[in-house]
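Survey of secondary and tertiary structure
One-letter residues, chain by chain:
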Amino acid sequence: MIAITVLGGVAEPVAGFVGQKLGAAVEPVMYPNPDAYLQSFGMDEWDIAIGPRVLAPADKADSTANLWAISLVYVAAPGTEFSDVASVDKAGVKIGTIRGAPSDRVLTREIKAAEIVRIPLSPTIAADAADLLRSGKANVFGADSGVGYPAAEALQGARIVPGAFGTVLVAAALPKGRSPAAQALLATLIDEAKQTGVVQKAIDAKSLKGVNVATRQ
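Residues numbered from 1 in each chain as written. Predicted model: local features only at pLDDT ≥ 70, side-chain atom pairs only at ≥ 80, totals over all residues. Heavy atoms only, no water.

**Re the packing of helix 1 (residues 5-22) against helix 6 (residues 180-195)**
- Where helix 1 meets helix 6, the axes come as close as 10 Å, and the angle between the chain directions of the two elements is 125°. The angle between helix 1 and helix 6 falls in the class oblique. Here helix 1 and helix 6 pass one another in a crossing that is right-handed. When helix 1 is examined against helix 6, the residues Val14, Phe17, Val18, Lys21 and Leu22 are found in contact with a partner set consisting of Leu185, Leu186, Leu189, Ile190, Glu192 and Ala193. (Axes fitted to C-alpha atoms, helices over the stretch in contact; angles between N-to-C directions. Helix = DSSP H or I, 4+ residues; strand = E, 2+ residues; numbered from the N terminus. Parallel < 35°, antiparallel > 145°, perpendicular 65-115°, else oblique. Left-handed = near helix turned anticlockwise from the far one by under 90°. Contact = heavy atoms within 4.5 Å.)

Dropping the structure here:
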């Protein structure tokens, strides 16, 4: 799991549910940033991963159906005006984001005119994002809603730009090569976690905005 509330904070209760169903103890393996999580695939450091689908390499993992979806949002600095997400990509605009995160991947692919300013993920990322906006080093900060909304609340006058510029889909994954029976069992447990409200309760417990149980694969 990645040690950030909108990912690891929701994944831990889900992992606990899976462990309970299997009659197995659960030991969380937390990675400090997206790059470390990505590099862990193929390293035999865990039995099940729960994180962004885009960070689970198809040649090293077999992923389940999606568990939850996270909106990618922009936080606008005080005094700036952006009518919607499309209005952000203009010359002279600086967009902050988390280095290596799914938001970084989307912005790197989609942004044509604005400048992207990357900062590392940290335990205080929402405050770091607010500081970046406060300092004027970025006009907006683009990240998952689990970071975006707290960052907006941490900086007086900041606001969420209407709309979302992308979605992060979260899934569980097994290391490549696990048996079809293991894959089928995990798929069943993941579906049960969604259907019985385990995922929704985990989201609600963290009071996360812009995060929903996944309804599509």
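**Remarks on helix 4 (residues 125-135)**
- Among the residues making up helix 4, those that are buried are Ile125, Ala126, Ala129, Ala130, Leu132 and Leu133. Down the axis, helix 4 shows its buried residues gathered within 155° of arc, on one side only.
- The inward-facing, buried residues of helix 4 abut strand 2 (61-76), strand 3 (94-98), strand 4 (115-119), strand 5 (140-144) and helix 5 (145-154).
- Within two residues after helix 4, Gly136 carries a phi angle of roughly 85°, on the positive side. (Buried < 20%, exposed > 50% of the residue type's maximum accessible area, 1.4 Å probe, protein only. Arc of directions from axis to C-beta.)

**Quick notes on the pairing of strand 2**
- Burial runs high along strand 2: 13 of the 16 residues are buried.
- Bridge analysis of strand 2 against strand 7 (residues 166-175) gives nine bridges, and the strand direction is antiparallel. Paired with Ala69 across the two strands is Leu169, which belongs to strand 7.
- Pairing geometry for strand 2 and strand 8 (residues 211-213), over three bridges, is antiparallel. Paired with Ile70 across the strands is Val211, a residue of strand 8.
- Taken together, the five bridges between strand 2 and strand 5 define a ladder with antiparallel strand orientation. Residue pairing for strand 5: Tyr74 is matched across the bridge by Gly142.
- As paired strands, strand 2 and strand 6 (residues 159-160) are joined by two bridges and run antiparallel to one another. (Pairing = 2+ DSSP bridges.)

**Points about the packing of aromatic side chains**
- Following the criterion strictly, the structure yields four aromatic pairs and no others.
- With 6.3 Å between their ring centres and 75° between their planes, Tyr31 and Tyr37 make a pair best called edge-to-face.
- Here the aromatic rings of Tyr74 and Phe165 are separated by 4.4 Å at their centres, their planes lie at 25°, and the arrangement is stacked. You can see Tyr74 sitting in strand 2 and its partner Phe165 sitting in the loop between strand 6 and strand 7, a full 91 residues away along the chain. When sorted by exposure, Tyr74 lands in the same class as Phe165, which is buried.
- Among the aromatic side chains, those forming a connected cluster through ring pairs are Tyr31, Tyr37, Phe41 and Trp46. (Phe/Tyr/Trp six-rings, centres within 6.5 Å; stacked < 30°, edge-to-face > 60°.)

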